[in-house]
Amino acid sequence: MDDRKPLDAQAVALMVLACAIWAVQPITLKATADYAAPVMQIGLRSLLAAVCVYALIRFRGGRVVLVGRVALAGAFAGLLFSGEFILVGESLKFTSASHVVVFMYTAPIFAALGLHWKIPSERLAAMQWAGIGLAAFGIGVAFLGRGESVPGADMSRRLMGDALALAAGLCWGMTTVLIRTTVLARVPAAHTLFYQLAVAGIALTMAAAASGQAAVHLAWPLVGNIAFQALVVSFFSFLVWFWLLTKYKASQLGVFSFMTPMMGVVLGVVLLGEPLTQEFMLGAAGVLCGIMMVTACPWLRQKAGRSAATRPA
């Protein structure tokens, strides 16, 4: 029996905080890109956060398995996690942080599609298919509707950046599918997070070195951002998210995380002065509404089922 409870004031407050942290993540990476490439920053933050998570596991008396099926599945999850953030880092070179956060958060769409084929209980309902169709339409509008004022070369760069951010969302969605459908589903969340962070830290720093992006110009903004990314984003917010998943309804939490891309767009405009075209705003609205339809449907079906069960004959 599922003993997870509906969202209460504590869960809502923590979700607002987590969404704000996730929304500001690409903003701070882009703001400090002159000091170190985003890929290098994410690699360093992942290594630092992995050390923190490992220390927490050991403090709790746990032991991370480093061989066997669990470790292999964890390594694959880490590689997908690495691919996601390599793509995020590269996308920030070409497009705005506002665009990145919207396209990156298409992950629930890809996760829903993957789980549809892998888990019978996760079959998509008609409303979810409609949401996927709406999100696909929104992506098309946001990609192609740039407006006449955008020069051809600039449009090409933004299109490349948006495509990379969308691919990052695909990697994130496939990471969710992997965790849900392998032995990782039975592993404590902190252990899975350690695998992701440790593999990503190694892979991303190696990728940065191989691509000539390993240069680091030490300055307080960079040091502060890496500390923020490691301790607040990768350690604190992810552990809060996993804790919430153990206590509250996942479908309701998924709907609430809909705030993140909306916050990201607002923060990109306010903090970085990024421009927004009408076409992108229309496309983003379609994407976000589609994501909400996909993630809200299980909760609505569950609520309808409870209402039917309690209705007098």
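Small disclaimer: the values here were computed from a predicted structure and weren't measured. (Residues numbered from 1 in each chain as written. Predicted model: local features only at pLDDT ≥ 70, side-chain atom pairs only at ≥ 80, totals over all residues. Heavy atoms only, no water.)

Novice: Got a minute to help me understand the environment of Leu271 in this structure?
Specialist: Within the secondary structure, Leu271 is located in helix H11 (residues 259-272). Given a relative accessible area of 52%, Leu271 falls into the exposed group. Between the alpha carbons of Leu271 and Val24 there is a distance of 9.6 Å; along the sequence they are 247 residues apart. (Helix = DSSP H or I, 4+ residues; strand = E, 2+ residues; numbered from the N terminus. Buried < 20%, exposed > 50% of the residue type's maximum accessible area, 1.4 Å probe, protein only.)

Novice: So what exactly am I meant to see when it comes to the packing of helix H1 (residues 9-31) against helix H4 (residues 97-104) here?
Specialist: For any two helices packed against each other, the geometry comes down to the angle between their axes and how far apart the axes lie. The interhelical angle for the contact between H1 and H4, taken along N-to-C directions, is 140°, at an axis separation of 9 Å. Between H1 and H4 lies a crossing of right-handed hand. Packed against H1, whose contacting residues are Pro26, Ile27 and Lys30, the element H4 presents Ala97, Val100 and Val101 at the interface. Residue composition of the contact of H1 with H4, grouped by class: 5 nonpolar, no polar and 1 charged. (Axes fitted to C-alpha atoms, helices over the stretch in contact; angles between N-to-C directions. Left-handed = near helix turned anticlockwise from the far one by under 90°. Contact = heavy atoms within 4.5 Å. Nonpolar A, V, L, I, M, F, W, Y, C, P; charged D, E, K, R; others polar.)

Novice: How should I be thinking about the packing of aromatic side chains in this particular structure?
Specialist: The relation between two aromatic rings is expressed through the spacing of the ring centres and the mutual angle of the planes. Taken as a whole and judged by the stated rule, the model has 5 aromatic pairs. Taken together, a centroid distance of 6.3 Å and an interplanar angle of 55° make the contact between Phe194 and Tyr195 tilted. By relative accessible area, Phe194 is classed as buried at 12%. A relative accessible area of 6% places Tyr195 in the buried class. A connected cluster of aromatic rings, assembled from ring pairs, spans Tyr54, Phe194 and Tyr195. (Phe/Tyr/Trp six-rings, centres within 6.5 Å; stacked < 30°, edge-to-face > 60°.)

Novice: What am I meant to see in the layout of surface pockets here?
Specialist: Unfilled space is identified by rolling a water-sized probe across the atoms. By volume, the second largest pocket is sized at about 190 Å³. The wall of the second largest pocket is formed by Leu56, Ile57, Arg60, Gly62, Pro188, Ala189, Ala190, His191, Leu239, Phe242 and Trp243. Class assignment of the residues belonging to the lining of the second largest pocket gives a composition of 8 nonpolar, 2 polar and 1 charged. (1 Å grid on protein atoms, 1.4 Å probe; cavity = no way out; pocket = protein on both sides within 12 Å on 5 of 7 lines; lining within 4 Å. Points joined across faces, edges and corners; volume = space filled by probe spheres on them.)

Novice: For this particular structure, what's the right way to read H1?
Specialist: One turn of the α-helix equals 3.6 residues, which is why residues spaced by three or four share an orientation. Given a rise of 1.5 Å per residue, 23 residues ought to cover 33 Å, and the 33 Å separating the end C-alpha atoms of H1 matches this to within 8%. The principal kink in H1, of about 30°, is found at Gln25, preceding the proline Pro26 by one to four residues. (Expected span 1.5 Å × (residues − 1). Bend = angle between axes of the 7 residues up to and from the residue.)

Novice: So what exactly am I meant to see when it comes to the pattern of salt bridges here?
Specialist: Pairing between side chains becomes possible if they bear opposite charge and their charged atoms approach one another. Here the structure, examined in full by the defined rule, presents 1 salt bridge. Notably, a salt bridge pairs Glu90 with Lys93, separated by 3.2 Å at the nearest N-O pair. (Salt bridge = Lys/Arg side-chain N within 4 Å of Asp/Glu carboxyl O.)

Novice: How do you make sense of the environment of Gly161 when you look at a structure like this?
Specialist: With respect to the element layout, Gly161 can be found in helix H7 (residues 152-181). Overall, Gly161 belongs to the buried group, its relative accessible area being 0%. In sequence terms Gly161 and Gly89 are 72 residues apart; their C-alpha atoms lie 9.7 Å from each other. Sequence-distant contacts of Gly161, that is, excluding residues within four places in its chain, are made with Ser91, Phe94 and Thr95.

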